[in-house]
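Each chain is listed here by its residues.
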Amino acid sequence: MDKVYSPQHIERRLYERWENSGWFEPRGGAAPDAPAGSGYCIVIPPPNVTGTLHMGHAFQDTIMDALTRYRRMRGQPTLWQPGTDHAGIATQMVVERQLAATGQRRTDLGREAFIERVWAWKEQSSGTIATQLRRLGASVAWSRDRFTMDEGLSQAVTEVFVRLYEEGLIYRGKRLVNWDPVLQTAVSDLEVQKEEEDGQLWHLRYPFADGSGHVVVATTRPETMLGDVAVAVNPSDERYAAKVGQMLRLPLTEREIPLIADPHASAEFGSGCVKITPAHDFDDYAVGQRHGLPLLNILTPSATLNDTVPERFRGLDRFEARRRVVAEFEAAGLLEKIEPHRLAVPRGDRTGVVLEPYLTDQWYVKVETLAEPAIRAVESGAIRFVPENWSKTYFEWMRNIQDWCISRQLWWGHRIPAWYDDHGKVYVGRSEAELRARHGLAADVALRRDDDVLDTWFSSALWPFSTLGWPENPPVLRQFYPTAVLVTGFDIIFFWVARMIMMGLKFMGDVPFREVYITGLIRDENGDKMSKSKGNVIDPLDIVDGIGLDALVAKRTTGLMQPQMAPSIEKATRKAYPEGIAAYGTDALRFTFASIATQGVDLRFDVARVAGYRNFCNKLWNGARFALLALESADGQPLDPQLLSGPVEYNIADRWIRSRLGATLRQVEQALAEYRFDFAATALYEFTWYEFCDWYLELTKPVLQNEQASASLQRGTRRTLVEVLEALLRALHPLMPFITEEIWQRVARLSGATAPSVMIAPWPDAASFPSDAAAEADLRWIQGFVLGIRQIRGEMDISPAKKLPVLLEGADPEDDRRVDAHHRLLERLAGLESIRILATTDTPPPAAIALLGATKLLVPMAGLIDPQAEVERLGKKLAKTRQEISRANAKLANDNFVRNAPAAVVEQERARIADFERSVLSLEQQLERVRRLLS
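How each quantity is defined
Residues numbered from 1 in each chain as written. Predicted model: local features only at pLDDT ≥ 70, side-chain atom pairs only at ≥ 80, totals over all residues. Heavy atoms only, no water. 1 Å grid on protein atoms, 1.4 Å probe; cavity = no way out; pocket = protein on both sides within 12 Å on 5 of 7 lines; lining within 4 Å. Points joined across faces, edges and corners; volume = space filled by probe spheres on them. Helix = DSSP H or I, 4+ residues; strand = E, 2+ residues; numbered from the N terminus. Nonpolar A, V, L, I, M, F, W, Y, C, P; charged D, E, K, R; others polar. Core = buried A, V, L, I, M, F, W, Y, C linked by side-chain atoms within 4.5 Å. Buried < 20%, exposed > 50% of the residue type's maximum accessible area, 1.4 Å probe, protein only. Contact = heavy atoms within 4.5 Å. Polar contact = N/O pair within 3.5 Å; in protein donor to acceptor, adjacent residues only side chain to side chain. Axes fitted to C-alpha atoms, helices over the stretch in contact; angles between N-to-C directions. Left-handed = near helix turned anticlockwise from the far one by under 90°. Pairing = 2+ DSSP bridges. Parallel < 35°, antiparallel > 145°, perpendicular 65-115°, else oblique. Salt bridge = Lys/Arg side-chain N within 4 Å of Asp/Glu carboxyl O. Phe/Tyr/Trp six-rings, centres within 6.5 Å; stacked < 30°, edge-to-face > 60°. Lys NZ or Arg CZ within 6 Å of the ring centre and 35° of its normal.

Points about empty space enclosed by the protein
Now for step 1: Scanning all chains against the criterion turns up two cavities of 30 Å³ or more.
Now for step 2: Taken as a whole, the largest cavity encloses approximately 60 Å³ of empty space.
Now for step 3: If you go around the largest cavity, the residues you meet are I44, P45, P47, L53, H57, Q60, D61, M64 and L133.
Now for step 4: With four residues, helix α2 (residues 55–73) is the largest single contributor of residues to the lining of the largest cavity.
Now for step 5: A class-by-class count of the residues in the lining of the largest cavity yields six nonpolar, two polar and one charged.
Now for step 6: Approximately 50 Å³ is the volume attributed to the second largest cavity.
Now for step 7: Forming the walls of the second largest cavity are A66, V668, L672, A680, L684, A731, P734, L735 and W763.
Now for step 8: Of all the secondary-structure elements, those providing two or more residues to the lining of the second largest cavity are α22 (652–673) and α23 (677–704).
Now for step 9: Residues that form the lining of the second largest cavity fall into these classes: nine nonpolar, no polar and no charged.

Given below as structure tokens:
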């Protein structure tokens, strides 16, 4: 092995070998006779083909890959299904910007030519995500890579649309949608960004038609008053009880509108009067439906005012119309007041423009009947949310579900399979030829296909079964559906998770996945959300490969929607990363993700933690290198595996490390079953760093470097060293695939492993490393003994090379046995010249003390220490221990603590006081002995 671990020299090489060997594919392929759902399958949440993987993707991909590698090693047929989403709006915008740079628009090309242009761009750019996934070690089945617009998935989309339409579950209707006036399309709620901004609240007077006064309404969008059809007051508002039903004169127009009673209005807010504009406000739309009010649309698709408004306002941009409306109200004496106001403004996440609630014809899915079985699936436990509290969010959304708008006014996407004749009659079918044959339409009957495409979430809702070959029924679909778990974020529980559940139950008759693991949001080290506008986004590959400061600044300040933010972003970046970001490798990044994967909370990501886990990689590498060197023969040649066979004798250290490995494996298995990747990472880290590298490797030296040790004893240690290291590498592999493969290839030959790669080697069996309570108890005692002596050396500044005599005071028979059994090991590890147990009648000499349970470890001080310095040290320690006693007593004196804390916690606090009091007594005695040296 190289002296230094260098991930850049191994990662690409190993990944190419894995992929070329076909080890990412289901072992043996899909079995035609396999029981339904017998395979372990995860479908990757398809990233947008336009983009690159961000830290959230990298985190979730690490989780999915760890689960996949783990299940693969457990011998289960395993499929991690990859793919990308066509991302309708995002992709179309990218290509439209390219055209705009050459002075063209998509309408200049026409629909077919524009779509060809998008496909060409997709082929050029789609490799970016695949490259990133490979660099992150993702063991996806690349041969099955899918794209939501490929032929098979497009067929599935059409089939679902037609079947739902034929059952009356898809219809076309006129309703309010989120409308982007730049893209001129409806957008989903997920594509709406609402952030509070400074605005104004205009208070307008609406006179009664009979001249009996006026009401005052408040609005943040004065221009929409031109579409008002009523003013509402709360039915319980006595101020207006006698006025309900009277007509108001709508200023600036020739219209009159009624004063109505509706609970939407709040008597406590402002004047209690609310203007109702059903065609331009979602809440008002509901009011309008309850009262049968007309829908008066005053906007064009580009958000200018249309011909339904007075002529002087027609053609005005909505914000210019706002200015003129306010001016005319003021001139007419109908502007009550203007107040500053903070409000949540809906903006398109792609264009940044203010969106409008807009009345337009769209296609909808009736979801109520689809939602009922989807609710029951979670209620019954057929699907389990992890953490469970997210099921409450799911139920809240599903029990208040509205029909789903599935049409978009775009060119890129799955075109809606609907055609219209000259009379406007609609025909839906799998193709024009099919519907002509079904409806007996002659060739001379002109049909026009619907221009709209389907919402991207429509095709995504079919992802778990469309990617496996539906509407056909291939073996891979039967074996791997339902999938095992969906790993995703909380923000798309409704937009994606719920819709997959509805569609899976509808078309497959079963849930699409058994569990839904909801991850937290990856935030920066300060707890802020990562975003381009904040300049705190980190490309995961910049952590893997490293990036210089100037390049990092350029990456963060290029392409900002608000270029004025660039100087502050540059300043913050240079402060946070004065030397750029070092190359830490994939394994360090992946282990960092696992270590912070706590449930139910957002996750703070700090590059400094990656540096810490890069040190962990070094620790593992160096530990393995030491082990392999220790296993060489006397002439420096690699050990012959045959030398590990034969009778063995396991010493206390061998028994201990085997027992600890078995316990660690059981911890990891339980943690992975519960999606506690942080617990799994902690267990593996602590075993690797502290138990294997820090202790066991040191404990092997007295055997392997002792020519007098028996062959069976040396063989036992060598075999343990090989078997524990090899099993540890397998256990670490799901989280750290590259470094474990590189080391395992060297260790496997000695262990007798037959698999060509650690990734398809079996998961280590905890039963092969049975629990040994006696060995663990003895080793804990040995560790406490050695650490106690090291503590005395450190505190008294005694050289590690200085051999020390040690006395044990207050030893019990078990201490006596352990000293007798392990004295050579203790002398070597602690650097001792002798160990002696004091009789109860012996008077201990002045000595430095460390406690080993109730036993005292004494290092006689004569000639070893400066008595005055030792008095000061003990005095400080005594004062600190008394402070701890005072603090603990104060806790127990607090009735609230004693009454509310768990009984075990209260009892633990009392036990701590007893321990501290014993320590005070011991320290006082020691202090008195040292003072006697000064007298």
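As for the nonpolar core
Generally speaking, a soluble globular protein has its nonpolar side chains buried in company with each other.
Now for step 1: Core analysis: the largest hydrophobic core is formed by 151 residues, its most contacted members being I543, F605, F677, F692 and F785.
Now for step 2: Here this core gets 15 residues from one element, more than from any other, and that element is α23.
Now for step 3: Apart from residues lying up to four places away in sequence, F677 is in contact with I63, A66, L67, Y517, A594, A597 and L672.
Now for step 4: Of all hydrophobic cores here, the second largest spans 65 residues; its members include A156, L468, F480 and F513.

Observations regarding the side chain of N178
Now for step 1: Along the chain, N178 falls in strand β5 (residues 170–180).
Now for step 2: Residue N178 is classed as buried on the basis of its relative accessible area of 13%.
Now for step 3: Within polar-contact distance, the side chain of N178 engages the side chain of D189 at 2.7 Å.
Now for step 4: Discounting chain neighbours no more than four positions away, the residues touching N178 are T185, A186, V187, S188, D189, V192, F282, L355 and E356.

Notes on the packing of helix α20 (residues 586–595) against helix α21 (residues 607–630)
Now for step 1: Contact geometry of α20 with α21 gives a least axis separation of 8 Å together with a crossing angle of 115 degrees. Where α20 crosses over α21, the handedness of that crossing is right-handed. Facing α20, whose interface residues are D587, A588, L589, F591, T592 and S595, α21 presents R609, V610, Y613, R614, F616 and C617.
Now for step 2: Here the contact of α20 with α21 is composed, by residue class, of seven nonpolar, two polar and three charged.

Side note on the sheet that holds β5
Backbone hydrogen bonds hold the strands of a sheet together, and the pairing may be parallel or antiparallel.
Now for step 1: If you trace the four strands from one edge of the open sheet to the other, you get β6-β5-β14-β16, paired in antiparallel fashion. Looking at the sheet topology across the chains shown, the edges are occupied by β6 (185–187) and β16 (404–405).
Now for step 2: Sitting on the sheet, helix α8 (residues 282–291) is in contact with β5 and β14 (356–365), with an inclination near 140 degrees to β5.

A few points about the packing of α23 against helix α24 (residues 711–732)
Now for step 1: α24 packs onto α23 with a crossing angle of 165 degrees between their chain directions and a minimal axis gap of 11 Å. In this view, α23 runs roughly antiparallel relative to α24, as classed from their interaxial angle. Two packed elements cross with a definite hand, and for α23 against α24 that hand is left-handed. Contacts between α23 and α24 pair L684, F687, T688, F692, Y696, L697, T700, V703 and L704 from the former with L713, Q714, T717, R718, T720, L721, V724, L725, L728, A731 and L732 from the latter.
Now for step 2: Partitioning the contact of α23 with α24 into residue classes produces 14 nonpolar, five polar and one charged.

Examining the pattern of salt bridges
Now for step 1: Using the criterion set out here, one finds 67 salt bridges in the structure.
Now for step 2: As a salt-bridge pair, E123 and K122 come within 3.5 Å of each other at their nearest N and O atoms.
Now for step 3: On the accessibility criterion, K122 (10% relative accessible area) is buried.
Now for step 4: One salt-bridge network, held together by shared partners, links E159, R163, E166, R430, E434 and R438.

Looking at the sheet that holds strand β28 (residues 847–852)
Now for step 1: The four strands lie next to each other as β27-β26-β29-β28, forming an open sheet whose pairing is mixed. At either margin of the open sheet sits one strand with a lone partner, and together these are β27 (832–837) and β28. With strand direction ignored, the average angle separating the axes of adjacent strands in the sheet is 25 degrees.
Now for step 2: Across five bridges, strand β26 (residues 804–809) lies against β27 in parallel orientation. Among the inter-strand pairings, L808 is bridged to a residue of β27, identified as I837.
Now for step 3: Lying on the sheet, helix α26 (residues 773–796) is in contact with β26, β27, β28 and β29 (855–860); it crosses β28 at an angle near 150 degrees.

Points about the packing of aromatic side chains
Now for step 1: One pass over the structure, following the stated rule, counts 37 aromatic pairs.
Now for step 2: The interplanar angle of 70 degrees and the centroid separation of 5.8 Å between the aromatic rings of F114 and W411 together place this pair among those described as edge-to-face. Here the residue F114 occupies a position in helix α5 (residues 111–125), and W411 occupies one in the loop between β17 (407–408) and β18 (418–420), the gap between them amounting to 297 residues.
Now for step 3: The buried category is assigned to F114, whose relative accessible area is 0%.
Now for step 4: By relative accessible area, which is 16% here, W411 ends up buried.
Now for step 5: Residues W457 and F495 carry aromatic rings whose centres are separated by 6.4 Å and whose planes lie at 40 degrees to one another, so their mutual orientation is tilted. Residue W457 is found in helix α13 (residues 456–460), and its partner F495 is found in helix α16 (residues 493–508); the two are separated by 38 residues along the sequence.
Now for step 6: Look at W457 and you get buried, because its relative accessible area is 15%.
Now for step 7: A connected cluster of aromatic rings, assembled from ring pairs, spans F591, Y613, F616, Y685, W689 and Y690.
Now for step 8: Between R69 and the ring centre of W18, over which it is positioned, the NZ or CZ distance is 4.7 Å.

Points about unusual backbone geometry
Now for step 1: Look at the link from V386 to P387: it is a cis peptide, with omega at -5 degrees.
Now for step 2: Inspection of the secondary structure assignment puts P387 in the loop between β15 (384–386) and α11 (390–398).
Now for step 3: Following Y481, the chain continues into P482 via a peptide bond in cis, with omega recorded as 0 degrees.
Now for step 4: Counting through the fold element by element, P482 comes out in the loop between α15 (475–480) and β22 (483–489).
Now for step 5: Non-glycine residue A87 carries a positive phi angle of around 50 degrees.
Now for step 6: By the secondary structure assignment, A87 is in the loop between β3 (83–84) and α3 (88–101).

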